[in-house]
Amino acid sequence: MSRKFWRVPSFDKKQAAELAYEYGYDAMAVLLLAARGVTEPEDVAEFLDNEAMLADPFEIRDMDKAVERVRKAIENEEKIAVYGDYDADGVTATALLYLYLESVGADVTYYIPSRMNEGYGLHKEAIDTLSEKNVRLIITVDNGINSSEEALYIKSKNIDLVITDHHQPGNQLPEAVAVVNPHRADDTSAFKELAGVGVAFKLAAALEDGDYDSILSDFADIVAIGTIADIVPLKNENRILAVRGIDAINHSDRAGIIALKNVVGYEDRDFTSTNVAFTIAPRINAAGRIEEATTALKLLLTDDMAEAQELAERLDSFNVARQETESGIVEEAVARIESDDSLKYSKVIVVDGQDWHAGVIGIVASKLVDRYGKPVMVIARDGSGEAKGSCRSIEGFSLFDALSHASDLLVRFGGHTLAAGFTVADDKISAFRERINEYAATMGAFYPVMNLDCKINPASIDIPFIDSILCLEPFGAENPQPVFGIYNAVLRSVRSIGAQGKHMRLTFEKKNQQYQAVYFGMSAEEFPYEIGDRLDFAVTVDKNEFRGEVKANIYVRSVKLSDADDNAYFDSFMLYNKVRSGASLTEAEMQAACPDRNFSAQVFMFIKSRKLYYGTAEDIAVKSGLGSDKTCKVQIVLDAFCELGLLESANGCYHVIENAAKVNLGSSELLKRLGYCD
């Protein structure tokens, strides 16, 4: 896990308390909203009372044209095809519109392209297939906004096209009867952040003359799944859709939803947005990643409970296969990155591999972003001459803008600021990698951020405190589960828990009172801190019920030494990356990065005093009294000692090599480059 910059917002706590008192709201809930910039009374009321209104669907540009054409097709009994996408947003959008059109008597079919064999968006071969089935109207959901060439091909087949999408449009809109997309430059609708399923929902409501209630009563569960899965902001209209949808999921009589609940072991438990994101969404996505998305679509369409159970179990098996495939690719990608400094220390990591499963490379990219703390683009080559890429980013670096900068090297691309996909010719990958990093070099500094809502005293964490937090549900993008900072706590004990001891429970002390917290994914052996260390914790809190007793639990999200300095660390970290990337250095940068003999000896003795050391260069710098600004210099020492065979590093652990031959530090190639003189 990469180090993140901990950002704590500044806001007027007194004003928040007065607002809560005046309007009778929960004080902690209002304080958290203030921390997130929601301070006006009407905005607080809208959020806490769920008073936001769904805007008239006809506010979206071209909605009237889309409704007119769809109604004409229904009246004239023309065959309609809903053309979707293979991710959870596209699958749910396809299911919603197909079920709605079927319910009003339309002659409707559907088409979802294969991720493996076709890829994202409209394709001429698919259009030919639909033409042969006498389709006279194609309605896209969650795609189509950048398919100008395919739109012309559809027109040549005497088929009409209605596009509904939520991705960013290019400079020219496709030729179609209607292009319904809130992101159109000429669209004046107020809320722009709908998922693809949200836009499809708006079309269905418009076909019902704006009657949202009738559509939500039938399809709120489907809308919520796609909205939550696509990680659009859970605010404003999306918040309404999520709230209504989660309630529908918890009371659903839809066979596919019931079967999914059974498969994930939630038969008698209520779902939250988090449960949807981590149980239902991955299984629907897994169908398109591992096999065909139509399996997930059929699950949402079927009324047969036996069929639904069989399909849900298939999705569950796909999800297991997806996890195994993904782990193998992550391992291979990490090995490549670690063996190539030009990859590892570039501002944007662009890594490619032969026969990597294109269906999971987006998840692989996410895991690599977590590991390296920078934007990552993963490219899967399959021998066809064209490779598929998927990318994920961090705050401050727009993937859509970066891909636009390199668009002349790409076959196609699309997506959002933090997640996108593309196709590139095999022989253009090297040039693409270079172009993307040239662009990144013009963007200044960007690094991963952890947003904390506020600092708290752990003594305040109890059941009423957690109830206050739950006022903000449903959690998701731009309304995440609150993260709190507990500062200057003293570590008192650690012990591994769970299967194979992969997790840990720790005890810390604050103001002479001790508290326990759980740290998932961190074993006691790997935990880099020692009893007595003064630490800062970023934590979430939740209820835990065991044997009828409900307790407040603390969960550690991140931890660092209390004396660590985020600004100093990231300045030093970026210098280190510049050194290791092979970039030209100024004299001042070389001096800041190059250690002397005494400094090197201090670092070596720190490691030697511990049999195994799992900490970071920053931890060494801070514990040794050097400060976070010396992180680069400490890491240079560690790298040089590993190069010279004095230290060994594996899986984040350093140890001294016993009986190593004496060497001259000046013989290190890394130190030579920095002008080291013994």
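First, a word on what this report is: a plain description of the structure on this page. These numbers were taken from a predicted model, which means no experiment stands behind them.

### Describing the sheet that holds strand 8 (residues 376-381)
Taken in spatial order, the 5 strands make up an open sheet running 7-8-9-11-10, and their pairing is mixed. Edge strands, defined here as strands with exactly one partner in the open sheet, are strand 7 (349-354) and strand 10 (410-415). Pairwise comparison of adjacent strand axes, ignoring direction, gives a mean angle of 15 degrees for this sheet. In the packing of helix 14 (residues 305-338) onto the sheet, the strands contacted are strand 7 and strand 8, and the crossing angle to strand 7 comes to about 125 degrees.

### So, the sheet that holds strand 6 (residues 178-180)
In sheet architecture, strand pairing relies on hydrogen bonds along the backbone and comes in two forms, parallel and antiparallel. Reading across from one edge, 3-2-4-5-6 is the order of the 5 strands in this open sheet, with parallel pairing throughout. Here the strands that pair on one side only, and so sit at the sheet edges, are strand 3 (107-111) and strand 6. Averaged over all pairs of adjacent strands, the angle between their axes in this sheet comes to 20 degrees, without regard to strand direction. Relative to strand 5 (residues 160-164), strand 4 (residues 135-141) is paired through 5 bridges, and the arrangement is parallel. Residue Ile139 lies in a different strand from strand 5, and its bridge partner there is Val162.

### Regarding empty space enclosed by the protein
In total, this model carries 1 cavity of 30 Å³ or more according to the counting rule given. There is about 50 Å³ of room inside the largest cavity. Taken together, the residues of the lining of the largest cavity break down into 5 nonpolar, 1 polar and 4 charged.

### A closer look at the layout of surface pockets
Roughly 410 Å³ of internal volume is contained in the second largest pocket. Together, 18 residues line the second largest pocket, and Phe604, Leu646, Ala661, Lys662 and Val663 are the ones closest to its centre. The leading source of residues in the lining of the second largest pocket is helix 22 (residues 597-608), at 6 residues. A class-by-class count of the residues in the lining of the second largest pocket yields 11 nonpolar, 3 polar and 4 charged.

### Some thoughts on the pattern of salt bridges
Tallied over the entire structure, the rule returns 41 salt bridges. Ionic pairing is found between Arg322 and Glu326, a salt bridge with its closest N-O pair at 2.6 Å. Taken together, the residues Arg322 and Glu326, both in helix 14 and 4 residues apart, mark about one turn of the helix. Taking the relative accessible area as the measure of exposure, Glu326 reaches 4% and is therefore buried. For Asp639, the salt bridge is made with Arg580, and the minimal N-O distance between the two is 2.6 Å. Of this pair, Asp639 sits in helix 24 (residues 631-643) while Arg580 sits in helix 20 (residues 566-581), placing them 59 residues apart in sequence. Note on accessibility: Asp639 and Arg580 belong to one class, buried. Residues joined in a network through salt bridges with shared partners are Arg3, Asp536, Lys560, Asp566 and Glu618.

### Thoughts on the environment of Asp542
Its place among the elements puts Asp542 in strand 17 (residues 534-546). By relative accessible area, which is 32% here, Asp542 ends up partly exposed. For the pair formed by Asp542 and Phe465, sequence separation is 77 residues and the distance between their alpha carbons is 9.5 Å. Each residue touching Asp542, except ones within four places of it in the same chain, is listed here: Ile466, Gln481, Lys551, Ala552, Asn553 and Tyr555.

### Points about a negative patch on the surface
A cluster of acidic residues, Glu102, Asp303, Asp304, Glu307, Glu310 and Glu313, forms a negative patch on the protein surface. Turning to its location among the elements, Glu307 is positioned in helix 14. Residue class for Glu307 comes out partly exposed when judged on its relative accessible area of 36%.

### Points about the packing of aromatic side chains
Counted according to the given criterion, the structure contains 25 aromatic pairs. A centroid spacing of 4.8 Å and a plane angle of 35 degrees characterise the contact between Tyr266 and Phe271, whose relative ring orientation is tilted. The residues Tyr266 and Phe271 share a single accessibility class, namely buried. Ring centres 5.1 Å apart and planes at 35 degrees place the aromatic pair Phe508 and Phe537 in the tilted group. One end of the pair, Phe508, is in strand 15 (residues 503-510); the other, Phe537, is in strand 17, and 29 residues separate them in sequence. Using a relative accessible area of 0% as the deciding quantity, one classes Phe508 as buried. Among the aromatic residues, those joined into a cluster by ring pairs are Phe5, Tyr447, Tyr569, Phe570 and Phe573. Taking the ring centre of Tyr266 as reference, the NZ or CZ of Arg269 above it sits at 4.1 Å.

Analysis parameters
Residues numbered from 1 in each chain as written. Predicted model: local features only at pLDDT ≥ 70, side-chain atom pairs only at ≥ 80, totals over all residues. Heavy atoms only, no water. Pairing = 2+ DSSP bridges. Helix = DSSP H or I, 4+ residues; strand = E, 2+ residues; numbered from the N terminus. Axes fitted to C-alpha atoms, helices over the stretch in contact; angles between N-to-C directions. Contact = heavy atoms within 4.5 Å. 1 Å grid on protein atoms, 1.4 Å probe; cavity = no way out; pocket = protein on both sides within 12 Å on 5 of 7 lines; lining within 4 Å. Points joined across faces, edges and corners; volume = space filled by probe spheres on them. Nonpolar A, V, L, I, M, F, W, Y, C, P; charged D, E, K, R; others polar. Salt bridge = Lys/Arg side-chain N within 4 Å of Asp/Glu carboxyl O. Buried < 20%, exposed > 50% of the residue type's maximum accessible area, 1.4 Å probe, protein only. Patch = residues over 30% accessible without salt bridge, like charges linked within 9 Å, V, L, I, M, F, W, Y side chains within 5 Å. Areas by Shrake-Rupley, 256 points an atom, 1.4 Å probe, with all protein chains shown as cover. Lys, Arg positive; Asp, Glu negative; His and termini not counted. Charge placed at Lys NZ, Arg CZ, Asp CG, Glu CD. Phe/Tyr/Trp six-rings, centres within 6.5 Å; stacked < 30°, edge-to-face > 60°. Lys NZ or Arg CZ within 6 Å of the ring centre and 35° of its normal.

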